[in-house]
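Breakdown of the fold
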Amino acid sequence: QKSHEREGGRLRRHDSHSASAPSAFPLCSDLMPELAARLAALFDAERAARAAHDELVDAEPEAVLPLLERTTGAALTLDELDEDESSLRLVRIAALLGEMQGPRVVDLLVDILGCDEPEARHAAGEALEGLAFDRFKEVALGVERALERLPENSPALSELPYLLAQVPEPGVTKLLARFLAHRGADAVASAIEALVEIGDPAALPMLEALAGDKRTVQLEDEGGTEGEATIAELVAEAKTMLVKEGA
């Protein structure tokens, strides 16, 4: 039999009968009790997390929502000091909010959607999309508020059009028209792409006002290649694709 040990960054193989050759890895039997205890602790922690989640969701909104608002604000600020802890908290808050309702819930999810943590943004997007399927008007009003209250460079304004494009509601196109008129170029570009994704040629007239727009945005294709394009160039491409959809 052969065993291995590391030497100078490489694995060196030697015969197992060599008395001076210690095993590179602890025997499984030595690790099993410790690993089993850790796994059991993980299961216990998950059960505790689920129980706490259910208790918070079932709590009176007047009591829990102010707590979630304060905690969300603190977690967003924490991102500057501890990204992992910020993301952990925001992901858990987004899961809670996804089972609640009301304008404050939507606004908090939009705020998380605008953070710098990808995992938290994903969790907030999934929660918002789920709410939009069940209570579209509630989410639509929150989107309208976001267009008014968020800074033009907020990542949420670039994410919301893609989220809306997944919701089969007639009011989505009207909302995307609001994004087309936004002062932020990234929000406009996202709305153009969302309209193409929806594929409704009826949206063509909405793009006319942007046909000569020289604002530029940074783009990245599926292969990760980055580039720059003007809003006018995106509009021209969108028109071509939407015309094909209607042919």
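Structural data are supplied above this passage.
What comes next is a walk through the structure.

Bringing the pattern of salt bridges into the picture now. Tallied over the entire structure, the rule returns 14 salt bridges. Its salt-bridge partner being E208, residue K239 comes within 3.2 Å of it at the nearest N-O pair. Taken together, the positions of K239 in helix α11 (residues 231–246) and E208 in the loop between α10 (204–207) and β3 (216–220) put the pair 31 residues apart, joining distant regions of the chain. Here E208 falls in the partly exposed class, since its relative accessible area comes to 47%.

With 65 residues, the main nonpolar core has L97, L109, F179, I192 and I231 as its most contacted residues. Among the elements that take part in this core, helix α9 (residues 185–198) stands out by supplying nine residues, more than any other. With residues up to four places along the chain from it excluded, the contact list for I231 reads A185, V188, A189, I192, L210, D213, R215 and V217.

Once that is clear, we can look at the packing of helix α4 (residues 103–113) against helix α5 (residues 118–134). Packing of α4 against α5 brings their axes to within 8 Å, and their N-to-C directions diverge by 145°. For α4 against α5, the interelement crossing comes out left-handed. For the pair α4 and α5, contact is made by V105, V106, L109, V110, I112 and L113 and by A120, R121, A124, G125, A127, L128 and L131, respectively. Here the residues of the contact of α4 with α5 sort into 11 nonpolar, one polar and one charged.

Rules used throughout
Counting from 1, residues in each chain are numbered in the order their sequence is written. Per-residue local features of the predicted model are confined to residues with pLDDT of at least 70, and side-chain atom pairs are confined, for both listing and counting, to 80 or more; whole-chain, interface and lining totals are unaffected and use all residues. Computation of side-chain values covers all heavy atoms of the structure but excludes hydrogens and water. Salt bridges are counted wherever a side-chain nitrogen of Lys or Arg sits within 4 Å of a carboxyl oxygen of Asp or Glu. Put simply, DSSP H or I for four residues or longer makes a helix, DSSP E for two residues or longer makes a strand, and each gets a number counted from the N terminus. For the exposure calls, accessible area comes from a 1.4 Å probe over protein chains only, and a residue counts as buried if that area is under 20% of its type's maximum, exposed if over 50%, partly exposed in between. Take the buried Ala, Val, Leu, Ile, Met, Phe, Trp, Tyr and Cys residues and link them wherever side-chain atoms come within 4.5 Å; each set so joined is a nonpolar core. Here, residues are in contact when the closest pair of their heavy atoms is within 4.5 Å. Fitting a line to C-alpha atoms yields each axis, with helices limited to the stretch in contact; the angle taken between N-to-C directions then spans 0 to 180 degrees. When the near helix sits turned anticlockwise from the far one by under a right angle, the crossing is termed left-handed; a clockwise turn instead gives a right-handed crossing. Any residue that is not Ala, Val, Leu, Ile, Met, Phe, Trp, Tyr, Cys, Pro, Asp, Glu, Lys or Arg is counted as polar, Gly included; the first ten are nonpolar and the last four charged.

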